[in-house]
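Overview (structure and organization)
Here's the letter readout for the chains.
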Amino acid sequence: MPRNKITKNLVLTSMLGLVLSGCSGDGISTGSPVNALASTDTQAQKVTITMMHLWPAGISAQQNKLVGQIIDDYQKDHPNVTIKQEVLENEQYKNKLKVLSASNELPDVGITWAAGFMEPYVKGGLFTPLDDVLGGEQLKNKFVPGTTEAYVVDGKTYALPIELNISPVYYNKDIFAKYNLQVPTTFDEFKHVVKTLSDNGVAPVALGNKDRWTGSLWYMYLADRIAGSDTLKKATNGTGSFDDPGLIRAAVEVQTLVDMNAFNKGFNGLSNDEGKSEFVNEQAAMYLTGTWELPNFTTNPDIRQEFKDKVKFFKFPTVDGGKGDINSWVGGPGVGLFVAESSKVKEEAKAFVEYFVAKWGQDSVTTAGVIPATKVDTSNSELPHLYVDLLNELNHASSLTLFADVQMKPGAAQVHLDMIQALFGKAVTPEQFAAKHKEAIEKGRS
């Protein structure tokens, strides 16, 4: 799927320059054609815009705070507009989006993922094109190259990304120091770390695999490091096959880690938030996830500073004899904003989305500690070392592979997620895991 292909252009040297060098330090304009539709005239017709998002205060405090701040500012500038929020956690959000789409009752503005996840909503006529917003005064030429392409279907842009993510392995440096452990650069070294921690009664890795995409990250990295990023990308986008020997070996290595007690007890029945708490409460030494969690390790005041000071990260290790590159990442553009085709306030919703994306790009770095999809000036900001170090890693990235469950068509993505949980639970063999993927992808083509 060429429109969804995330290439080197996203992450080569120019990218960090765009993010860090201050290519866009302008204030928020209200003069664009789209934004002009939402009049600040207090005599203008009263408008209510519904927005559904996935940042509850108890789970994503900084993002929740930023959304509230943007909405408050917008309502002050547009006294005739009221933004009504509905907030759900990640899995609840996905489920409700499906339910609402079935009855064509989507919120005016909502969150979506890119590529295969978004495609059925677009094909069903549920999302409206946002190319006029993308080309508007506030957002024209403001996105990091390669970020909006994943939201294009048949030549039109149906959502605008607000995040850019890679997935490091976070670790607790004090736990590593206690057991004289070095940061692993090879998978054999990683397994030594796992064995040492397990032998000493410490859970090596925090994982909540009930949500399944969490385990997918482990499989994807092993597949990338063993079979190479091109083989993994072709398998996930349907131009290759999961029965490649390297991809089957990746499934074998997942089960090797399970046998080594690499993950916290009960991981397959725990949600991501429950798994994450094992890391935050220092019951587990490592945690693999996206950079959307950076706020919890840097800026979130509800997380103990004593813990935040202990968090470091490393790149997923290479595998001996594998084709992968340690600078290859699993990640890509994060969530984006859509406007419902059925919205009765479509133009006002577009104006709000334009404002929201621009404002998020300016304020998300310092307020929430997330990496935005738009170019921002951070040259005058005092940023946490962890944040800066991860931005620097983007500068050295050799490739970026979009999350499998996002890139795949919905039917295949569901099979992938189900098979991930079965693989970690040792309910299927690696060969069965590959065969089920092949069958689902071929079915999706027919």
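Summary of the structure given here.

Analysis parameters
- Residues numbered from 1 in each chain as written.
- Predicted model: local features only at pLDDT ≥ 70, side-chain atom pairs only at ≥ 80, totals over all residues.
- Heavy atoms only, no water.
- Helix = DSSP H or I, 4+ residues; strand = E, 2+ residues; numbered from the N terminus.
- Buried < 20%, exposed > 50% of the residue type's maximum accessible area, 1.4 Å probe, protein only.
- Areas by Shrake-Rupley, 256 points an atom, 1.4 Å probe, with all protein chains shown as cover.
- Core = buried A, V, L, I, M, F, W, Y, C linked by side-chain atoms within 4.5 Å.
- Domains from an automatic or database assignment.
- Contact = heavy atoms within 4.5 Å.
- Expected span 1.5 Å × (residues − 1).
- Bend = angle between axes of the 7 residues up to and from the residue.
- Pairing = 2+ DSSP bridges.
- Axes fitted to C-alpha atoms, helices over the stretch in contact; angles between N-to-C directions.
- Salt bridge = Lys/Arg side-chain N within 4 Å of Asp/Glu carboxyl O.
- Polar contact = N/O pair within 3.5 Å; in protein donor to acceptor, adjacent residues only side chain to side chain.
- Parallel < 35°, antiparallel > 145°, perpendicular 65-115°, else oblique.
- Nonpolar A, V, L, I, M, F, W, Y, C, P; charged D, E, K, R; others polar.
- Phe/Tyr/Trp six-rings, centres within 6.5 Å; stacked < 30°, edge-to-face > 60°.
- Lys NZ or Arg CZ within 6 Å of the ring centre and 35° of its normal.

1. Regarding the overall build of the chain
Secondary structure assignment for the chain yields 18 helices and 14 strands. Per-residue burial for the chain yields a buried fraction of 59% across its 446 residues. Of the roughly 17,300 Å² that the chain leaves accessible, carbon and sulfur atoms contribute 48%.

2. Let's talk about the nonpolar core
Among the nonpolar cores identified, the biggest contains 148 residues, and Trp218, Tyr219, Phe263 and Met286 are the most heavily contacted of them. Counting residues per element, this core draws most heavily on helix α14 (residues 346-368), which supplies 11 residues. Residue-level mapping places this core at the junction of two domains, with at least three residues from each of domain 1 (47-162 + 333-398) and domain 2 (169-289 + 408-444). Apart from the residues within four sequence positions on either side, Tyr219 is in contact with Phe242, Leu247, Ala250, Ala251, Val254, His416, Ile420, Leu423 and Phe433.

3. Description of α14
Counted at 1.5 Å a residue, the expected span for α14 with its 23 residues is 33 Å, but the 28 Å between its end C-alpha atoms falls short. Residue Gln362 marks the point of greatest curvature in α14, where the axis turns by about 40°. Directly beyond the C-terminal end of α14, a positive phi value near 75° is found at Gly369.

4. Concerning the sheet that holds strand β1 (residues 47-53)
An order of β2-β1-β3-β13-β6 is seen for the 5 strands of this open sheet, with the pairing classed as mixed. Because the sheet does not close on itself, it has two edges, and the strands there are β2 (81-87) and β6 (160-161). Two elements, β1 and β2, share 7 bridges in a ladder whose sense is parallel. Each bridged residue has a counterpart across the sheet, and for Met51 the counterpart in β2 is Gln85. Each of β1, β2, β3 (109-112) and β13 (336-339) touches helix α3 (residues 90-102); the most contacted strand, β1, lies at about 130° to it.

5. So, the pattern of salt bridges
Counted under the stated rule, the structure contains 22 salt bridges. Three or more residues are tied together by salt bridges with common partners; here these are Lys173, Asp174, Glu282, Arg304, Glu306 and Lys310.

6. Some thoughts on the side chain of Ser229
Residue position: Ser229 is located in helix α9 (residues 229-237). Contacts of Ser229, omitting those with residues within four sequence positions, involve Asp224, Ser328, Ser399 and Thr401.

7. Side note on the side chain of Ser101
Topologically, Ser101 is positioned in helix α3. Within the structure, Ser101 has its side chain in polar contact with the backbone oxygen of Lys98 (distance 2.7 Å). With sequence-adjacent residues up to four places away left out, Ser101 is seen in contact with Leu106, Tyr121 and Leu126.

8. Notes on the packing of helix α8 (residues 213-227) against α9
Two numbers describe how α8 lies on α9: the axes approach to 6 Å, and their chain directions differ by 130°. Considering their axes alone, α8 and α9 lie oblique with respect to each other. Side by side, α8 and α9 meet where Met220, Ala223, Asp224 and Ala227 of the first sit next to Ser229, Thr231 and Leu232 of the second. Class assignment for the residues of the contact of α8 with α9 results in 4 nonpolar, 2 polar and 1 charged.

9. Let's talk about the sheet that holds strand β12 (residues 328-333)
The strand order β7-β12-β14 describes an open sheet built from 3 strands, whose pairing is mixed. Looking at strand neighbours, the two that pair on one side only are β7 (164-166) and β14 (399-402), the edges of this open sheet. If you compare each strand with its neighbour and ignore which way they point, the axes differ by 40° on average. Summarising the sheet, β12 and β14 pair through 4 bridges and their orientation is parallel. By the bridge assignment, Ser328 is partnered in β14 with Ser399. Where α8 meets the sheet, its contacts fall on β12 and β14, and the angle it forms with β12 comes to roughly 130°.

10. Section: the environment of Pro168
Mapping Pro168 onto the fold places it in the loop between β7 and β8 (169-172). Taking the C-alpha atoms as reference points, Pro168 and Leu288, separated by 120 residues in sequence, lie 6.0 Å from one another. Residue contacts for Pro168: discarding those within four places in its chain leaves Tyr287, Leu288, Thr289, Gly290, Thr291, Phe313, Phe314, Trp329 and Leu390.

11. Quick word on the packing of aromatic side chains
By the definition in use, this model includes 30 aromatic pairs. An angle of 5° between the planes, with centres 4.9 Å apart, marks the rings of Tyr221 and Phe316 as stacked. Note that Tyr221 is positioned in helix α8 and Phe316 in the loop between β11 (311-314) and β12, a separation of 95 residues in sequence. Side by side, Tyr221 and Phe316 carry an identical accessibility label, which is buried. An aromatic cluster is defined as three or more aromatic residues linked by ring pairs; in this entry it consists of Phe187, Phe190, Trp218, Tyr221, Phe263, Phe267, Phe316 and Phe424. Note that Lys94 overlies the ring of Trp113, its terminal NZ or CZ placed 4.9 Å from the centroid.

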